[in-house]
Amino acid sequence: MAIIKAKNLGYEYFRRDKEGAVEGIVKALDDINLNIKQGDFVAILGHNGSGKSTLAKHMNAILYPSEGTIWVDGKDTQDAGNMWDIRQTTGMVFQNPDNQIIGTVVEEDVGFGPENMGVETKEIWERVKESLKIVGMYSYRKNAPSKLSGGQKQRVAIAGVVAMHPKCIVLDEPTAMLDPVGRREVIRAVRALNDVENITVILITHYMEEVIYANKVYVMDRGNIVMEGTPREVFSHVEELAKIRLSVPQATKLAYELKKAGVPLPDGILSAEEFTEALCRLL
Amino acid sequence: MLRDITLGQYYQTESVLHRLDPRVKLMGTLVFLISLFLFQNFTGYIVATLFLVSMIALSRVPVSFMFKGLKAVIILLMITVLINLFATPGETVVSFWKLTITKEGIYTALFMMFRLIYLIIGSSIMTLTTTPGNLTDGMEKALSPLSHIRVPVHEIAMMMSIALSFIPILLDETDKIMKAQMARGADFESGNIFRRVKNMVPLLVPLFISAFRRANDLALAMEARCYRGGSGRTKMKPLKYHLRDLAGYVILAVYLAAIIVVPRVVDKIFVQ
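The rules we used
- Residues numbered from 1 in each chain as written.
- Chains lettered and ligands numbered in written order.
- Predicted model: local features only at pLDDT ≥ 70, side-chain atom pairs only at ≥ 80, totals over all residues.
- Heavy atoms only, no water.
- Helix = DSSP H or I, 4+ residues; strand = E, 2+ residues; numbered from the N terminus.
- Buried < 20%, exposed > 50% of the residue type's maximum accessible area, 1.4 Å probe, protein only.
- Polar contact = N/O pair within 3.5 Å; in protein donor to acceptor, adjacent residues only side chain to side chain.
- Contact = heavy atoms within 4.5 Å.
- Salt bridge = Lys/Arg side-chain N within 4 Å of Asp/Glu carboxyl O.
- Phe/Tyr/Trp six-rings, centres within 6.5 Å; stacked < 30°, edge-to-face > 60°.
- Lys NZ or Arg CZ within 6 Å of the ring centre and 35° of its normal.
- Domains from an automatic or database assignment.
- Buried area = accessible area lost by both parts, 1.4 Å probe.
- Nonpolar A, V, L, I, M, F, W, Y, C, P; charged D, E, K, R; others polar.

What follows is about the side chain of Gln154(A). All names here are of chain A. The topology assignment puts glutamine 154 in helix 5 (residues 150-162). Residue classification places glutamine 154 among the buried positions, given a relative accessible area of 0%. Engagement of the side chain of glutamine 154 in a polar contact is seen with the backbone oxygen of proline 174, the distance being 2.9 Å. Ignoring anything within four residues of it in the chain, the contact list for glutamine 154 reads Val93, Phe94, Gln95, Pro97, Gln100, Pro174, Leu178 and Val186.

This is the structure:
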């Protein structure tokens, strides 16, 4: 069953000059069609201004389409009565870890969502414990968030969403402000959500290395979906990706260049290990 | 320098005061603050000091931590002391130029100084032993009857707790901007007071802009997590009175009675 389905989705906003008069209309999203199944790990790739964050905000009823429709778990987001149900179904994690932590102690922050939903006190505690364990932050439950590292804060934010028991989590560039260590921690937590808890994950990013774990990739450019498929399929189009200012992982790039020079390597190599293996087979 | 402000900063440790219901602590702070203005003589100070010292001991927070909070108000403290020292009429002790120090002036200045120090330490004890979340919960619950006359109690409590949790973030940010501006040649340390205030502009403008941006992001994150005001919300840590809280109220009542009665009784004995 489709957890998120979009049909001819469009979103436009007015660009205004300094006096507030309308200068022009910007189409942030144009005729988007999506079909994301429960349990999928989907990555949405795109350069700055490609409309990927705008699309993410449609999945949580923060923005509403100006054209077409988007259904979350079968519910139309434009129906005002569905808003809170939708926000419960798809949780959202944002880019800046500091600006989404509400509590002054880790466990209080994780409990914020369930509190808003009116969950019983005893169950809140169970949910907090369980979600902090999933992201590996249980031993920090009594700490102040301001004392944690960026990657740890982002994992707390993820736990805060997991505690709401969503079917789907949308992560809007969760690693953009983190160092490589933090980035790895967050991606590991996200993969655990998908593998162990079977939560649908929609990861929005421009780091290619994070995309290889997804089972479906959408590539966006100027409000359109220009490519879709498995990471292997998408990364075999090295030149088309370069045209929209996206670079492929290093191993893929090297394999591609070697192939162009006449080395018979398979298409769409994703990691260094895979690359070495393919190379060894040739020898 | 910015790190010295302990007001609104929680100190993590295990103690009776930490476990006490925030409503008791709020009441206690209020009673203590009021009690400081209920007496005029030395005996009252002994009672108040005894109470304060035992609270500090009970809280298990290092004393040095409490005095850190005083640094921030030292100028205010000095001004108060000086004004009282010179402006109180009475029996002259020393006099030079147009200024006279009177015996009454010395007494009032000293009393005033201790009163202010006690005030700040007293409220620091509350904020050091109570998490901001817990504190606002207590306030929300204690003031909840006001919501019947349309006072947005929950919203005020939420605003306060967010403000408190953003203090460390904004302090870090101030530090960062300050360093960035200093690297570009900004000078925050020299010149007279007007010059210094003027030099603060390149610090305050980016700080305000970033604070607004943060507020916007936070509002979005809260909405995404289904926040829709106080109604229909459950509590992760609902407030319930325990036996120790009752004991706390009793101790408060005894203290209040003591501070009213003891100085008067002592006075009478000495007068006779």
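Residues and elements named next belong to chain B. Under the definition given, this model contains 23 salt bridges over all chains. With its nearest N and O atoms 3.5 Å apart, the salt bridge here joins glutamate 140 to lysine 235. One end of the pair, glutamate 140, is in helix 7 (residues 132-143); the other, lysine 235, is in the loop between helix 10 (201-224) and helix 11 (243-271), and 95 residues separate them in sequence. Take glutamate 140: its relative accessible area is 17%, and that puts it in the buried class.

What follows concerns the packing of aromatic side chains. Across all of its chains, the model carries nine aromatic pairs over all chains by this definition. Ring geometry for Tyr45(B) and Tyr118(B): centres 6.3 Å apart, planes at 65°, overall edge-to-face. Separated by 73 residues along the polypeptide, Tyr45(B) in helix 3 (residues 42-59) and Tyr118(B) in helix 6 (residues 103-129) bring together distant segments of the chain. Of the two residues examined, Tyr45(B) and Tyr118(B), each falls in the buried class. Put simply, the rings of Phe39(B), Tyr45(B), Phe111(B), Phe114(B) and Tyr118(B) touch in pairs and so form one group of aromatic residues. Between Lys5(A) and the ring centre of Trp71(A), over which it is positioned, the NZ or CZ distance is 5.5 Å.

Moving on to the domain arrangement of chain B. All names here are of chain B. Here chain B is partitioned into domain 1 (1-130 + 241-272) and domain 2 (132-236). Each of domain 1 and domain 2 was reduced to a C-alpha centroid, and the two centroids are 28 Å apart. Taken together, the contact between domain 1 and domain 2 spans ten residues of the former and 13 residues of the latter. For the domain 1 and domain 2 pair, buried surface summed over both sides reaches about 1200 Å², with 72% attributable to carbon and sulfur atoms. Inspection of the region where domain 1 meets domain 2 yields zero salt bridges. Elements with a contribution of two residues or more to the side of domain 1 that touches domain 2: helix 2 (22-35) and helix 6. The element contributing the most residues to the side of domain 1 that touches domain 2 is helix 2, with three residues. A per-class count over the side of domain 1 that touches domain 2 returns five nonpolar, three polar and two charged.

Taken together, the 28 residues of chain B in the interface contact 37 residues of chain A. When the two sides are added together, the surface that chain B and chain A hide from each other amounts to roughly 3000 Å², 57% of it contributed by carbon and sulfur. Contact with chain A buries surface across chain B, with Arg225(B), Cys226(B) and Met236(B) losing the most and accounting together for 29% of the total. Where Lys237(B) meets Glu107(A), a salt bridge forms, and the shortest distance between an N and an O atom there is 3.2 Å. For the interface between chain B and chain A, the tally reads 16 residue pairs in polar contact (both at pLDDT 80 or more). Only helix 7, helix 8 (153-183) and helix 10 of chain B provide two or more residues apiece to the side of chain B that touches chain A. The leading source of residues in the side of chain B that touches chain A is helix 10 of chain B, at eight residues. Residue composition of the side of chain B that touches chain A, grouped by class: 14 nonpolar, six polar and eight charged.

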